[in-house]
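Letter by letter, the chains look like this.
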Amino acid sequence: MASKLQQLQAKATHAAQFVAKHGCAYHKQLLEQNKQYIQEPATVEKCNLLAKQLFYTRLASIPGRYEAFWKELDYVKQLWKLKQELKIEDAGIAALFGLECFAWFCAGEIVGRGFTFTGY
């Protein structure tokens, strides 16, 4: 156990040294590549305005999402009514969706337990 701790400590030290050496250059490069997204001047008022724009834009998109949800649900109802004509592709998509839902459920359980895998 002590050797694993020492290995982890050595890896963490190596990562910290790498970040200290290359982090500033990476930060500058990242800002240069994405300068079209930077608002000048960066004032509190501008940040509040952008936050409100984001919030209300998301809020305005809810009716479209609501409509898309009901269209999807109607499509699933139609598939269920005509399940004799169900194609293997549709069944595969449904199975993958179910598997994805289960995986997100498991991930939520793990996160809810503080990223511990024991106690199931």
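Note on numbering: residues in each chain are counted from 1, in written sequence order. Owing to the predicted nature of the model, reporting of local features is limited to residues with pLDDT of at least 70; listing and counting of side-chain atom pairs is limited to 80 or more, with chain, interface and lining totals taken over all residues. Only hydrogens and water are set aside; all other atoms, that is, all heavy atoms of the structure, feed into the side-chain values.

Quick reminder of the rule: UniProt positions are given in the numbering used here, feature names are shortened, and annotations may be inferred rather than shown by experiment.
An unreviewed UniProt entry annotates the protein as ATP synthase, F0 complex, subunit G, mitochondrial originating from Dillenia turbinata. According to its UniProt record, the protein has this under Subcellular location (unreviewed entry): "Mitochondrion membrane". Turning to the protein, the UniProt record has this under Sequence similarities (unreviewed entry): "Belongs to the ATPase g subunit family."

1. Overview of the environment of lysine 52
Applicable threshold: Counting from the N terminus, the helices are DSSP H or I runs at least four residues long and the strands are E runs at least two residues long. Three labels apply to residues, based on accessible area from a 1.4 Å probe with only protein chains included: buried if under 20% of the type maximum, exposed if over 50%, partly exposed otherwise in between.
On the secondary structure map, lysine 52 appears in helix α2 (residues 44-60). The class of lysine 52 is exposed, set by a relative accessible area of 54%. Sequence-wise, lysine 52 and tyrosine 37 are 15 residues apart; in three dimensions their C-alpha atoms are separated by 17 Å.

2. As for unusual backbone geometry
Following glutamate 40, the chain continues into proline 41 via a peptide bond in cis, with omega recorded as -10°. In this fold, proline 41 is placed in the loop between α1 (2-33) and α2.

3. A short note on the packing of aromatic side chains
Spelled out, the test is: Pairs were defined over the aromatic rings of Phe, Tyr and Trp, the Trp ring being its six-membered one, requiring ring centres within 6.5 Å. Orientation was assigned from the angle between planes: stacked under 30 degrees, edge-to-face over 60, tilted for the rest.
Throughout the structure, instances matching the rule amount to four aromatic pairs. Ring geometry for phenylalanine 55 versus tyrosine 56: centroids 4.9 Å apart, planes at 80°, classification edge-to-face. By relative accessible area, tyrosine 56 is classed as exposed at 51%. Summarising the aromatic geometry, the rings of tyrosine 66 and tryptophan 70 are spaced 6.0 Å apart at their centres and angled 75° between planes, so their arrangement reads as edge-to-face. Residue tyrosine 66 and its partner tryptophan 70 are both found in helix α3 (residues 62-81); the two are separated by four residues, about one turn of the helix. The class of tryptophan 70 is partly exposed, set by a relative accessible area of 36%. One aromatic cluster is present, built from ring pairs that chain together Tyr66, Phe69 and Trp70.

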